[in-house]
Amino acid sequence: MIGVFDSGFGGLTILRKFQQLMPEYDYVFLGDNARAPYGSRSFETVYAYTLQAVRRLFSMGCPLVVLACNTASAKALRSIQQNDLPLIDPSNRVLGIIRPTAEVIQSYTRTGHVGVLGTLGTVNSQSYIIEIQKLYPEIRVFQQACPMLAALVENGEIDNPGTDYFVKKYLDLLMAQSPLIDSVILGCTHYPLLINSFRKACPDGVSFIPQNEIVAGSLMDYLRRHPEMDARLSKNSKTYYYTTDNPSVFNNAASLFLGREVSSSHLDW
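Remember, it's a predicted structure, so these values are computed and weren't measured experimentally.

Chemist: For this particular structure, what's the right way to read the overall build of the protein chain?
Modeler: If you tally the helices and strands in the protein chain, you get 13 helices and ten strands. Each of the three principal axes of the protein chain carries a C-alpha extent, and together these read 50 × 40 × 35 Å. Taking all 269 residues of the protein chain together, 56% fall into the buried category. When the accessible surface of the protein chain is split by element, carbon and sulfur atoms take 50% of a total near 11500 Å². Treating the 23 positive side-chain charges of the protein chain as one cloud and the 24 negative ones as another, the clouds have centres 3 Å apart.

Chemist: Quick question: what am I supposed to make of the packing of helix α1 (residues 11–21) against helix α13 (residues 247–258) here?
Modeler: Helix packing for two helices is described by the angle between their axes and how far apart those axes are. Following both chains from N to C, one finds α1 and α13 inclined at 60°, their axes separated by 9 Å at the closest point. The orientation of α1 relative to α13 falls into the category oblique. Crossing angle aside, the handedness with which α1 passes α13 is right-handed. For the pair α1 and α13, the contacting residues are Leu12, Thr13, Arg16 and Gln19 in the first and Phe250, Ala254, Phe257 and Leu258 in the second.

Chemist: When you look at the environment of Gly11 in this model, what are you seeing that I'm missing?
Modeler: By the secondary structure assignment, Gly11 is in helix α1. Not counting residues up to four positions away in its chain, the partners in contact with Gly11 are Val4, Asp6, Phe29, Ala68 and Thr189.

Chemist: Explain α1 here, please?
Modeler: For an α-helix the count is 3.6 residues per turn, leaving residues at separations of three or four pointing the same way. Of all eleven residues in α1, eight are buried; the element is thus mostly enclosed. Among all positions of α1, only Gly11, Leu12, Thr13, Ile14, Leu15, Lys17, Phe18 and Gln19 are buried. Buried residues along α1 sit in contact with β1 (2–6), β2 (27–31), β3 (64–67), α11 (211–225), β9 (239–243) and α13.

Chemist: Is there a simple way to explain the packing of aromatic side chains in this structure?
Modeler: Two aromatic rings, taken as a pair, are described by how far apart their centres are and by the angle between their planes. Scanning the entire structure with this criterion turns up ten aromatic pairs. Their ring planes at 50° and their centres at 6.2 Å tell us that Phe5 and Tyr38 sit as a pair that is tilted. With Phe5 in strand β1 and Tyr38 in the loop between β2 and α2 (43–59), this residue pair connects regions lying 33 residues apart in the sequence. For the pair Phe5 and Tyr38, one class covers both residues: buried.

Parameters at a glance
Residues numbered from 1 in each chain as written. Predicted model: local features only at pLDDT ≥ 70, side-chain atom pairs only at ≥ 80, totals over all residues. Heavy atoms only, no water. Helix = DSSP H or I, 4+ residues; strand = E, 2+ residues; numbered from the N terminus. Buried < 20%, exposed > 50% of the residue type's maximum accessible area, 1.4 Å probe, protein only. Areas by Shrake-Rupley, 256 points an atom, 1.4 Å probe, with all protein chains shown as cover. Lys, Arg positive; Asp, Glu negative; His and termini not counted. Charge placed at Lys NZ, Arg CZ, Asp CG, Glu CD. Axes fitted to C-alpha atoms, helices over the stretch in contact; angles between N-to-C directions. Parallel < 35°, antiparallel > 145°, perpendicular 65-115°, else oblique. Left-handed = near helix turned anticlockwise from the far one by under 90°. Contact = heavy atoms within 4.5 Å. Phe/Tyr/Trp six-rings, centres within 6.5 Å; stacked < 30°, edge-to-face > 60°.

Structure follows, in structure tokens:
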């Protein structure tokens, strides 16, 4: 199965696109909701929690794990890939969601000025700046942390005028850094649910980059290029949901992200 991990619920927006584009595969979604959010936690804590989740998904029969969380991708992915994976199982793979977004950024910007909205942890890691400038050193990247937005989404405040206020506040702070920004990465998997608010607050000529579509397309391409991994993945069109918190709470919130009801199980570490 393909393992999909997030600290909370936002990774369900990535999973949903996987299911739409690659419905034949089997998936295991693991949300560490009991310890969410990760956005303000230290590198060491995010790394420890993420490694624990990766090990658990491996043990559940997932040779391929996607960190469908910008914070985990920013703070833990590289260490896990370089230091832990060779010791756990060199034939398994752990992928993130920042690099695929960075790889296609040039096709979205005309001005070469790109904005990133994300959690405090993602912004402080500078992972988007590092990855984009590795590939496209001519592109300038501007960032803005949005500490309120993920919590507002998870508390069902998507259509609240107060949410619109914070979206506009953060977007204005980002745009104030450069009037030439023409493309904005929604660098948190919760933010696609706020796309209407972002569009209302958005200046003319600025577009938002659909990270879930990019990541799903990147995974499809990865499996085409790695038939040995594809052959290890079961294809029964099934998805299993696990949460470290209360399953009924998870089920209710997950319906916001997936647009349908799900049934999850509790997972103890």
